Amino acid sequence: MREFESRALRVLAGVTAVCVALFAVGAAGGWFPPAPVTWVLIMVAHGLSVLVCARTAVAGGLDPYARRFWRTASLGLAVMAGGLGLRLVTAVTGADLTSTAQIIHGAGALTMLWAVARLPVATRGGRSRIALWLDLAITMTASAIFLWHTAALEAVRDPAALATTVVMMGVGLIVVFLVAKLILAGSESLPRGVLHMFACACLVGGVGTAAGIALGDHSGLEPLLMVIPGAGLAIAIAARRQLPAPGGATATAGPPRQFSLLPYVAVAAVDGLLLHVVATDGRNALVVAIFAVLLTALVVYRQVNAFRDNEALKERFRLIAQNSSDIVTITDRDHNVKYLSPATLRVLGRHPDDLLGTQLRTFLHRDDLPLVQAAAVAVFTDPTSTATYQARFRHADGTWIWLEVVLSNLLDQPSVAGIVGNARDITQVRETQDRLSHDATHDALTGLANRVLFGQRVAENTRAPFPDHRFTVVLIDLDEFKLVNDTLGHAAGDALLVAVAERMLASVRPSDLVARLGGDEFAILFENLGGTDVTRVLDRIADQLRLPVEVDDQLLAVRASYGVAEGVSGDDAGDLLRRADVAMYEAKARGEGGHQRYEPGMDTQRAERARLNSTLQSALAGDEFVLHYQPVVSLPDGVPVGVEALLRWQHPQRGLLGPHEFLAAAEQNGLIVPLGRWVLREACRQAASWPASIASIAVNVSARQLHEGDFVAEVAAALHDHGLAASRLTLEITESTAVDPGRTRHGLEQLRALGVRIALDDFGTEASTLSVLATCPVDQIKLDRSFMPVPRPDAIARAVVQLADAMGLEAVAEGVETEEQRRRIIDLGYRRAQGYLFGRPVPAAELTAMLAVSPR
Ligand code: C2E
Ligand code: CA
Ligand code: CA
């Protein structure tokens, strides 16, 4: 693009040189070209400048004002071209179209004037805008007096030329206005070089035109021969400067100039004129003197204005520095404080004057010193750079204030000669940030690390740079926590979790990371610890958790399962967590709490369990479950008075499976609910066929069954459908099922209202024994077989039967295997018992046969 403009400019410069040379030769009295040649040359030069201008007007990358300016200017030049064309016609044909041509030419010139006038001045504040208009007024006034003085002399010499003189004055003033505006006002759209070139063009055009008018027609020597190519060349240069540079960067406008010599030159010139007038003939002296005084007044006014402006500016900066919440510091080469703004008192509680000559690093937090030193070195070594740091400084009251400091090197600036620091108090921002990042990595309930942070720390350990770095990951799951949540409510569950967290924290080293991964899942990361050292800590935690926690007036003991996986640097973090998880499930599946170390092969066992889950579903659908029945006898005679229904799975490949093989899985995946429903209906159906001597049929019920769906209605329906009297059905629940004083109690009362009996199974194995008895409506308690006397001491067996007697409940001793045990429990006072001694669990048909032969 610029390529074309450059070529056009070279041609234009050549044509202009030829024109000027011809004019010079002609003016010196030599040969001058015939009129048509003159006008052709002028037309060529003018045409080239129109072309360059128009191309700039349509070029990309201009802002809207620049584009408007160049469009209007191109239009003005094009109109002028029309005027020049008419002159060419006049020269060739002899028809006199000169006046029309001049009018058209004038219209073009006015369009150009319009373009300049409309160009917005560079933005500046109110006072300096006034200064701009004053400068313009001063320049215009000075020019006016010059023009007037010349014209007045002319008018005296030749009154007939008055009209010409007035026109010349008008043209002159317009030119001065254009030049002054372009130079003084500046523009954000046009670079200064462009403005100056355009001003040149105005000057050449204006002065040339005036000269032409003054000289009149000198038989063929046309002044426009010099003026049009000269002004056109200047405009074309301006137009090309406006275009983006070859690199693509747009020519940018400089900042507006606040100060120009132009008005002072004008005043000096008028003063010179005054001296000249006074020294020569004294004519016009009064008028010139008045103008000189007027101008001086304008200049004084302008100066006062500028001075005030300056003062206001200084005051504004002083107020900003004084009232700014930021601290501004200036320190010298040796870091000694030269200046501190008053905000120091507000932010750091220290008076600026007390700190002059001291070093700020005395209040700096030790941990932040390296950062601050690095920033200082950076600004010292590269004077053009700035450096930013955030550091803590001690407030006079001893607290730490976070400051964000921006340093700049102004050592080379004589008015400052120091390192300038701008410090902003960001304490609150930092605190919020710290809190947010804490929240993002910690559990809100317990304050422990969360899964994110735990994962990060495990990953860090796997990346430890020393090859023999060892660590241990332990995943912990609370046993039957869901039950606590379901029965006591979430608030109680939360309280329990908090207590668990506290006890875990109290049992580990400060360097160990305890985390809550979610729900009732916890985890601990032990760095540089493994083997029995870890299991000792886990035993300590288990002991701590066993101590009952008081929640909602209930004493709850917590049992947990722990999965342990040891890692070394280089392990895969995900793998490690999975291994700990597998081990944890293994521990959980044993159903008695405690820890399990990961061993290869566990994964397959786990996969097997997953398979079990799905086969259980089809087993229920495929009628693979059966009930066995174990007699409950009265003592001392040993006559069966009831049975307990016990679930078995007739597995197609593995044979008959007991509940411990599948019950935990069914509890976990919820299948226990439909399975238990089946057990209830099957037991009722079977019991209805037995003689009334079998007074009771006991069915085991799990907590989930009791809480999910409408259990009471199901029981009522089962009794009704099979015609079994409610009084013959006993539902066995465990203590942990009974702990909820509200929900469970209500359900149990409804069941009892039906006439069904409730038994508390496995009595004595859980911590809440006594409180459960106090709140739960039961009819029978079944002493867990682990308390069977002989060879064990009989204290608990004795206490339970006494307790039952005192509360009017029936006591059943479970797990009687020997004659000796039978005698012992009879001695202790038990009137009901169950055990292999009296009969193992057997299919219904066998039991029916057994009943037929058993002693009555
Ligand atoms: P449980 O309710 O305490 O049932 C008594 C368990 O003790 C039975 O084990 C029984 O076979 C066993 N047992 C009876 N007498 C003796 C004895 O003299 N010596 C020994 N060592 N054991 C004896 P089983 O059938 O394996 O059942 C285990 C547990 O599974 C039951 O304990 C009960 O909690 C649960 N269970 C069984 N059937 C069901 C059911 O249909 N629903 C639910 N929710 N749980 C059931
Ligand atoms: Ca039972
Ligand atoms: Ca039992």
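Here, the structure is the one placed above.
Keep in mind that what you see is a predicted model, and the values were worked out from it rather than measured. (Residues numbered from 1 in each chain as written. Chains lettered and ligands numbered in written order. Predicted model: local features only at pLDDT ≥ 70, side-chain atom pairs only at ≥ 80, totals over all residues. Heavy atoms only, no water.)

Some words on the pattern of salt bridges
Next up, step 1: Counting across every chain of the model gives 32 salt bridges.
Next up, step 2: Of the charged contacts, one joins Lys588 and Asp477 as a salt bridge, the two residues approaching to 2.5 Å between their closest N and O atoms. Of this pair, Lys588 sits in helix α19 (residues 573–590) while Asp477 sits in strand β6 (residues 470–478), and the two are 111 residues apart along the sequence. For the pair Lys588 and Asp477, a shared accessibility class is recorded, and that class is buried.
Next up, step 3: Among the ionic pairs, Lys782 bridges to Glu732, the shortest N-O distance being 2.4 Å. In this pair, Lys782 is assigned in strand β19 (residues 780–783) and Glu732 in strand β17 (residues 729–734), connecting sequence segments 50 residues apart.
Next up, step 4: Accessibility expressed as a relative area gives 2% for Lys782, which makes it buried.
Next up, step 5: The exposure class of Glu732 is buried, given its relative accessible area of 2%.
Next up, step 6: One connected set of salt bridges, linked through shared partners, spans Asp477, Asp479, Arg559 and Lys588. (Salt bridge = Lys/Arg side-chain N within 4 Å of Asp/Glu carboxyl O. Helix = DSSP H or I, 4+ residues; strand = E, 2+ residues; numbered from the N terminus. Buried < 20%, exposed > 50% of the residue type's maximum accessible area, 1.4 Å probe, protein only.)

A word on the coordination of the calcium ion (ligand 3)
Next up, step 1: Bound to the calcium ion (ligand 3) are the protein donor atoms Asp761 (OD), Asp762 (OD), Glu814 (OE) and Glu814 (OE), situated 2.2 to 2.6 Å from the metal.
Next up, step 2: Spacing between the donor residues of the calcium ion (ligand 3) along their common chain follows D-D-x51-E.
Next up, step 3: Between the two metal centres, the calcium ion (ligand 3) and the calcium ion (ligand 2), the spacing is 4.1 Å, with Asp761 acting as a shared donor. Here Asp762, found in strand β18 (residues 757–763), pairs with Glu814, found in strand β20 (residues 810–814); they are 52 residues apart in sequence, far enough to count as distant. (Donors = N, O, S within 2.8 Å, 3.2 Å for Na, K, Ca; no water.)

What to know about the packing of aromatic side chains
Next up, step 1: Enumeration according to the criterion identifies seven aromatic pairs in this entry.
Next up, step 2: Taking the centre distance of 5.0 Å and the plane angle of 65 degrees together, the rings of Phe69 and Phe198 count as edge-to-face. A residue pair is termed long-range when its members are at least 10 positions apart, and Phe69 in helix α3 (residues 64–93) and Phe198 in helix α7 (residues 192–215) qualify at 129 residues. Across the pair, exposure class does not vary: Phe69 and Phe198 are buried alike.
Next up, step 3: Taking NZ or CZ as reference, Arg350 lies 4.0 Å from the ring centre of Phe363, over its face. (Phe/Tyr/Trp six-rings, centres within 6.5 Å; stacked < 30°, edge-to-face > 60°. Lys NZ or Arg CZ within 6 Å of the ring centre and 35° of its normal.)

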